[in-house]
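Below, each chain spelled out in residue letters.
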2 protein chains.
Amino acid sequence: MLDDRKLAVLRAVVEDYVSTNEPVGSKALAERHNLGVSPATVRNDMAVLEEQGYIAQPHTSAGRVPTDKGYRLFVDRLSQIKPLSAAERRAIETFLAGAVDLDDVVTRTVRLLAQLTRQVAVVQYPSLTRSTVRHVELVPLSERRIMLVLITNTGRVEQRVVDLPDMVEDDRIAHLRAVLNACLDGCALSRVPETVADLHERLPEDDRPMAGTITSVLLDTLVDRHDEKIVFAGTANLTADFTVGLRDVLEALEEQVVLMRLLGEASDSSVTVRIGSENPYSGLHGTSIVAAGYGSGDNELARLGVLGPTRMDYPVTMGAVRAVARYVGQILAGS
Amino acid sequence: MLDDRKLAVLRAVVEDYVSTNEPVGSKALAERHNLGVSPATVRNDMAVLEEQGYIAQPHTSAGRVPTDKGYRLFVDRLSQIKPLSAAERRAIETFLAGAVDLDDVVTRTVRLLAQLTRQVAVVQYPSLTRSTVRHVELVPLSERRIMLVLITNTGRVEQRVVDLPDMVEDDRIAHLRAVLNACLDGCALSRVPETVADLHERLPEDDRPMAGTITSVLLDTLVDRHDEKIVFAGTANLTADFTVGLRDVLEALEEQVVLMRLLGEASDSSVTVRIGSENPYSGLHGTSIVAAGYGSGDNELARLGVLGPTRMDYPVTMGAVRAVARYVGQILAGS
DNA sequence: CTTGGCACTCGGGAACACTGAGTGCCAGGC
DNA sequence: GCCTGGCACTCAGTGTTCCCGAGTGCCAAG
C-alpha cells in the first residue's frame, strides 16, 4: 500500500523537518532530495501519507509534519543507527575511564550522554537486585550500635546504622561477619533472603537475636531500594525546543517513578525508542525516549537513555545511546 | 535622606510587585496600603526613590519596579524573616525523620525545600573536610586487592579499590585496620594527613609499602572530593517566571562549581541573601539566592538554599530556608 | 509640604490589508 | 495509469495604523 517512493517521501519529510524544524512543503522537498519527480507528484504522495496518518499539516496552507506514527515507521524501517565517529568514541572512552567510583561513573555518564546528544540524559544506577554481594561489613560504632555496609559487585555501597537489642562484644560481631561473608559472598541479591534464612538456623542460640536484628535490616536495605535511583542532566537542552510544556517535562524528570517507567523494561533489541504518545505519561507527549540497557557481559544491570522532542535525530541519538551503554558496561565489568 | 514614609513606599512597592508581578503605580499603591497620603505625594516620593536607584520604570508610562538595590534595602531593613506555621514545621519534621541514610536525608531535604518555597532548591552534601572519621574499613577482595571504606560522623561513606604492590595476608590487613582506626577514630578529616604521616613512622618496616599504598589512596579520597557534591530539585518551578533566560539558569545549575560559589561561604548571620547582579555568575542576574549553613551543633558542615527570581517573597523564603537548615542539622546530629 | 488638575507619553491590543508558501484539483501528455 | 504543469484557493504571519488607558511629571493653589 505504500510503494518505495512514498516511503522515500516520508523519509525525506522526517529528515527535513528534523533539520529545519519547519513544516516541509512539496516544492522544497522535490528540490532538496533528488526524487526525480515533480512537486505535483510529491503532493499526491503526501496526500496519501496524510490519509494514512503518517504526516499531518498544522494548518491548511502549511507544509507537512511527521506524526508519531510517521516517526515510528521511520525508526523501524527507514533509518539505520548511525555509529559514532572514531574521535567521539575515543572521547567517550577516555572520559569514562577517569571515574573513581560508582557515583563518579554514573555522574560522568549522564553528563557525557547529555553533551553528546544535546538532549536530556537519564541514567539509572545499577540495580541492586540484579547484582551480587561482594562483601558485607559490620562496623561496631558503640556498645549497642553497629553500622552495616553492603558492597555489591558493581561497586555500589549501601550502609545502615543498626541498633542492637543488647550489648554485644566485638568478637561475636566479628564471628557473625565471617559467617555472613562466607555464606553471602558472590550470592545474587535476589537470593539473599533465602540464604539468610538458612544461615539463621545454623547459628548458636545466643547469637540469634542479634543476628536477626542485623539481617532484618539487611533485607530491608534490599527491598527499600526498590525505588532505584535515577539521575539526569542536560535540562538546559530542553529550552531549545519546548517553548511550551516545558514545565510538564521538568516535573516528570523529578519523579523517579515516572522516569523508571520511561526507561522501560529490558528488551532484546539493543536500543528501544518510545515516540510521543507511545509513552505512558501524558505530560510527555511531544517527547521521545531513546533507551538502552547496560551491564557487564550479558546480564542487564540497569538502563540509560535520553529524552528529547519527538522531532529529534533518531539515527544519531540511537547511535550515541548504544555506544555509551556499551562503554559503561565495559567500565563496570572492568572495575 | 530617606524619611520613614519613603521607606514605607519602597516596602509597599516591593510587596505589591512581588505579589502581582506587575509594575506598581502610585494610585493603586496609595489605595491598597493606607499610607494616608494622596497618589500625587506618592509620586513625588517615587521620583526620589527612582533618582536614588531603588526603583525603576520599565518604560515611561508604566509603574515602578524595585531594582536590585531596592530589594537589598528591603531585605536588610524593611522586612523580617517570617517564621513557618506550626503545621509546616511539623510536616518538615516528620518528612525528614523518615530518612534512612545520608543520601536519603539530602534527597528529602532538597525536595522538601523546593516544594516549600516553590522554587529551585540547592543542597550541598556535608563537607568531607569539616567532618571527622567515624571508621576506616579495609576489605580484602582478592590477594592483591582490597577495598578501602571511609565512614564519617555525618554518615557519609566513601570507598575505593586499592591495588597492592604485593601479596598480603589477611591478618596483616586486620592489624593495619586496627592501627588505622585507633589513630584516626574521631580525627577531623583536615587533620588526617598529619596523623597518617605520624602513624607511618611507627609501623614495622615490612608493612610500610602496603600501608603507604593504602594511605595514599585514603589521602586521595580526601582531596579528590574537594569538588563537593551538590544536588538540586524543583526546576519545574522556574517555568513560572523566567520566560527568557531560563537556559542560562539551567546551565548554571548543572555546573557544580558555579553552584558552590552561589551558596557562598559560611557567614555569621543565619541566612544570607544574594540579589540579582550581586551574584558572581552573569547568567544569573535576574535571580536571587537565599542560603544558610547547616550542621550539627555550632560547626557548619555545608550549605543549602534556594534560587529564584529576584522578584521573590524574601521574608517567607528566608523563613523556610532557615527552618529547613535547622531541622537538617538536628537530623544529622541525631543519627 | 501636600494636593488636585492637566497635558503628555507610550506599551499593548484590535482592526485591517497584504504577502507568499503551500495546497487540491484538473486537464493534458507520456 | 501515472506524471506533470497550471490555476484558483486558503490562511498563518507580518506590518501598519489607530486608539485606549494607566501612569507620569509638572504646576499652581491650599
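Located above this text is the structure these notes cover.
Cut-off values and rules
Residues numbered from 1 in each chain as written. Chains lettered and ligands numbered in written order. Predicted model: local features only at pLDDT ≥ 70, side-chain atom pairs only at ≥ 80, totals over all residues. Helix = DSSP H or I, 4+ residues; strand = E, 2+ residues; numbered from the N terminus. Rg over C-alpha atoms; globule rule 2.2 N^0.38 Å. Buried ≥ 20, exposed ≤ 12 C-beta atoms within 10 Å, placed from the backbone. Contact = placed C-beta atoms within 7 Å. Nonpolar A, V, L, I, M, F, W, Y, C, P; charged D, E, K, R; others polar. Least-squares fit on C-alpha atoms with pLDDT ≥ 70 in both. Near = placed C-beta within 6 Å. Pairing = 2+ DSSP bridges. Axes fitted to C-alpha atoms, helices over the stretch in contact; angles between N-to-C directions. Parallel < 35°, antiparallel > 145°, perpendicular 65-115°, else oblique. Left-handed = near helix turned anticlockwise from the far one by under 90°.

**Student:** Would you mind showing me how to read the overall build of chain A here?
**Tutor:** Looking only at helices and strands, one finds twelve helices and ten strands in chain A. By the compact-globule yardstick of 20 Å for 335 residues, chain A is too spread out, its C-alpha radius of gyration being 26 Å. Looking at chain A as a whole, 39% of its 335 residues qualify as buried.

**Student:** What is the right way to look at the interface of chain A and chain B in this model?
**Tutor:** One widely used convention gives an interface's size as the accessible area the parts lose upon coming together. In this complex, chain A contributes 24 residues to the contact, which on the side of chain B involves 24 residues. At the level of secondary structure, the elements contributing two or more residues to the side of chain A that touches chain B comprise β4 (133–142), β5 (145–152), β6 (157–163) and α10 (246–253) of chain A. Split by residue class, the side of chain A that touches chain B holds twelve nonpolar, five polar and seven charged.

**Student:** Before we go on, may I ask you to explain the relation of the copies chain A and chain B in this structure?
**Tutor:** Between the two copies of this chain, the relationship is a rotation about some axis together with a displacement along it. Overlay of chain A on chain B (RMSD 0.1 Å): rotation 180°, translation along the axis 0.0 Å. These values place the two chain copies in the arrangement generated by a two-fold rotation axis. When the interface residues of chain A are mapped onto chain B, 96% of them again lie at the interface, so the same face is used by both copies.

**Student:** For this particular structure, what's the right way to read the protein's contact with DNA strand C?
**Tutor:** Neighbouring DNA strand C are 21 residues, the closest being A:G25, B:V37, B:H59, B:T60 and B:S61. Those elements giving two or more residues to the surface near DNA strand C turn out to be α2 (26–32) and α3 (39–51) of chain A together with α3 (39–51) of chain B. Among the elements that make up the surface near DNA strand C, the one with the highest residue count is α3(A) (four residues). Of the residues belonging to the surface near DNA strand C, the class tally is seven nonpolar, eleven polar and three charged.

**Student:** I would appreciate a short explanation of the sheet that holds strand β10 (residues 302–309) of chain B in the present structure.
**Tutor:** Strand pairing in a sheet relies on backbone hydrogen bonds, with the paired strands running either antiparallel or parallel. All names here are of chain B. With respect to topology, five strands assemble into an open sheet ordered β7-β3-β10-β9-β8, the strand pairing being antiparallel. Every interior strand has two partners, whereas the edge strands, β7 (230–233) and β8 (271–275), have only one. Strand-to-strand twist of the sheet, defined as the mean angle between neighbouring strand axes without regard to direction, takes the value 20°. Looking at chain direction, strand β9 (residues 287–294) and β10 are connected through eight bridges and run antiparallel. What sits directly across from G293, in β10, is R303. Here helix α6 (residues 102–117) sits on the sheet in contact with β3 (120–124), β7 and β10, set at roughly 155° to β3.

**Student:** Sorry, what's going on with the protein's contact with DNA strand D here?
**Tutor:** Close to DNA strand D lie 21 residues, the nearest being A:V37, A:H59, A:T60, A:S61 and B:G25. Of all elements in the fold, only α3 of chain A together with α2 (26–32) and α3 of chain B reach the threshold of two or more residues within the surface near DNA strand D. Looking at which element gives the most residues to the surface near DNA strand D, the answer is α3(B), with four residues. Here the residues of the surface near DNA strand D are counted per class, giving seven nonpolar, eleven polar and three charged.

**Student:** Just to check I follow, could you spell out the sheet that holds β4(A) for this structure?
**Tutor:** Residues and elements named next belong to chain A. As summarised here, the arrangement of the three strands in space is β4-β5-β6, forming an open sheet in which the pairing is antiparallel. Looking at the sheet topology across the chains shown, the edges are occupied by β4 and β6. Between one strand axis and the next, the sheet turns through 20° on average, direction left out of account. In terms of strand pairing, β5 meets β6 through seven bridges, oriented antiparallel. Counted as the bridge partner of L148 is R160 from β6.

**Student:** Would you take a moment to explain the packing of helix α5 (residues 86–97) of chain B against α6(B) for this structure?
**Tutor:** Residues and elements named next belong to chain B. Two elements in contact, α5 and α6, have axes separated by 9 Å at closest approach and are oriented at 155°. Judged by the angle between their axes, α5 and α6 are roughly antiparallel. Like other packed secondary-structure pairs, α5 and α6 cross with a definite hand, here right-handed. For the pair α5 and α6, contact is made by I92, F95 and L96 and by V105, R108, T109 and L112, respectively. Grouping the constituent residues of the contact of α5 with α6 by class yields five nonpolar, one polar and one charged.

**Student:** What is the right way to look at unusual backbone geometry in this model?
**Tutor:** With the exception of glycine, the majority of residues adopt a negative phi angle, and the majority of peptide bonds are in the trans configuration. All names here are of chain B. Its identity is not glycine, yet N21 carries a phi of approximately 65°, on the positive side. Position of N21 among the secondary structure elements: in the loop between α1 (4–20) and α2. One non-glycine residue, R118, lies in the positive phi region at around 55°. With respect to the helices and strands, R118 occurs in the loop between α6 and β3.

**Student:** In this structure, what is going on with the environment of B:V48? I would like to understand it.
**Tutor:** With respect to the element layout, B:V48 can be found in helix α3. When the C-alpha positions of B:V48 and B:M1 are compared, they lie 9.8 Å apart, and in sequence the two are 47 residues distant.

**Student:** It is not clear to me how the packing of α5(B) against helix α12 (residues 314–334) of chain B should be interpreted in this structure. Could you clarify?
**Tutor:** Helix-helix packing is characterised by the crossing angle of the two axes and by the distance between the axes. All names here are of chain B. Axis separation between α5 and α12 bottoms out at 10 Å; the angle between their running directions is 35°. In the crossing of α5 with α12, the sense of the turn from one axis to the other is right-handed. Residue-level inspection shows R89, I92, E93 and L96 of α5 in contact with α12, the latter providing A323, V324, Y327, V328 and I331. For the contact of α5 with α12, a count of residues per class yields seven nonpolar, no polar and two charged.

**Student:** Would you mind going over the pairing of β3(B) with me for this structure?
**Tutor:** Strand residues, when the strand is regular, have side chains that alternate between the two faces of the sheet. Residue and element names in this part refer to chain B. Where burial is concerned, most of β3 is hidden: five out of the five residues are buried. The two faces of β3 match: V120, V122 and Q124 on one face and A121 and V123 on the other face are all buried. The sheet contact formed by β3 and β10 spans four bridges and is antiparallel. Looking across to β10, one finds that V122 is bridged to G305. Bridging between β3 and β7 involves four bridges; their strand directions are antiparallel.

**Student:** Help me out: how do you make sense of the environment of A:V110 in this one?
**Tutor:** Residue and element names in this part refer to chain A. Counting through the fold element by element, V110 comes out in helix α6 (residues 102–117). As for V110 and Q124, which are separated by 14 residues in sequence, their C-alpha atoms are 9.3 Å apart. Leaving out residues up to four positions away in the same chain, V110 has contacts with A121, V123, V231, F232 and A233.

**Student:** Which parts of the structure should I look at to understand the environment of A:D103?
**Tutor:** Its place among the elements puts A:D103 in helix α6. We classify A:D103 as partly exposed; it has 18 C-beta atoms within 10 Å.

Everything listed here is a matter of coordinates, which is why it stays silent on function.
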